Amino acid sequence: TAAKKKPGDVGRLLRLSRAQRMLRQWHKLAATAEEALRLVDASHLPDADGTVRELLSYRREAERQRAADSSVGRPELRRWLAEFAVAEGTADSEVFLQATFHNLNCMQYAAIHGDMWLLEKVVALGACLDLPPIVRPEKSTADDVDGAEAAPQGCTALLLACASLA
């Protein structure tokens, strides 16, 4: 039971929480911080070293990150990510429709939308920050969003991300 756990378990969970935060594993961080806070509460340990404050801040940060709006939860994008993870190729070769440009890859799409979760996923799949937009042999208007133009040739995902911050 939680009441019989040693104070060292809280320290172990605190170290695990720190690692999960650095790795941006928000779901795991929320659960680990919550478990550690339950142990601290059950053992009536004093918070002289700031452990409780640190765990509370990790739990708040994990909740805030998990609540962030992302297209990663959309079923079609989840399917694409799952299929792409086992397929041979690069995450930079797929065109994503977007209202402004019709030739963005997934990394550029995520950058222009400020979708951090999607950026993290495509970087994990090996996407590049410095590739120019995809050059399509001929514009297929059937698949494009009305009014979308080709992104300028030097418009990398890194440049789009920086421009969206300005």
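Check the entry above for the structure.
Here goes a summary of the coordinates provided.

**Looking at the environment of Gln20**
Here Gln20 shows up in helix α1 (residues 7–22). On a C-alpha basis, the gap between Gln20 and Thr32 in space is 8.8 Å, while along the polypeptide they are 12 residues apart. Not counting residues within four places of it along the chain, the set of residues in contact with Gln20 comprises Gln25, Lys28, Leu29 and Thr32.

**Considering the packing of helix α2 (residues 26–43) against helix α3 (residues 51–67)**
Put simply, α2 and α3 touch, their axes get as near as 8 Å, and they point 150° apart. Classified by the angle between their axes, α2 and α3 sit roughly antiparallel to one another. Handedness of the crossing formed by α2 with α3: left-handed. Touching Trp26, His27, Leu29, Ala30, Ala33, Glu34, Ala36, Leu37 and Val40 of α2 are Val52, Leu55, Leu56, Tyr58, Arg59, Glu61, Ala62, Gln65 and Arg66, all from α3. Its residues assigned to classes, the contact of α2 with α3 shows 12 nonpolar, 2 polar and 4 charged.

Definitions and cut-offs
Residues numbered from 1 in each chain as written. Predicted model: local features only at pLDDT ≥ 70, side-chain atom pairs only at ≥ 80, totals over all residues. Heavy atoms only, no water. Helix = DSSP H or I, 4+ residues; strand = E, 2+ residues; numbered from the N terminus. Contact = heavy atoms within 4.5 Å. Axes fitted to C-alpha atoms, helices over the stretch in contact; angles between N-to-C directions. Parallel < 35°, antiparallel > 145°, perpendicular 65-115°, else oblique. Left-handed = near helix turned anticlockwise from the far one by under 90°. Nonpolar A, V, L, I, M, F, W, Y, C, P; charged D, E, K, R; others polar.

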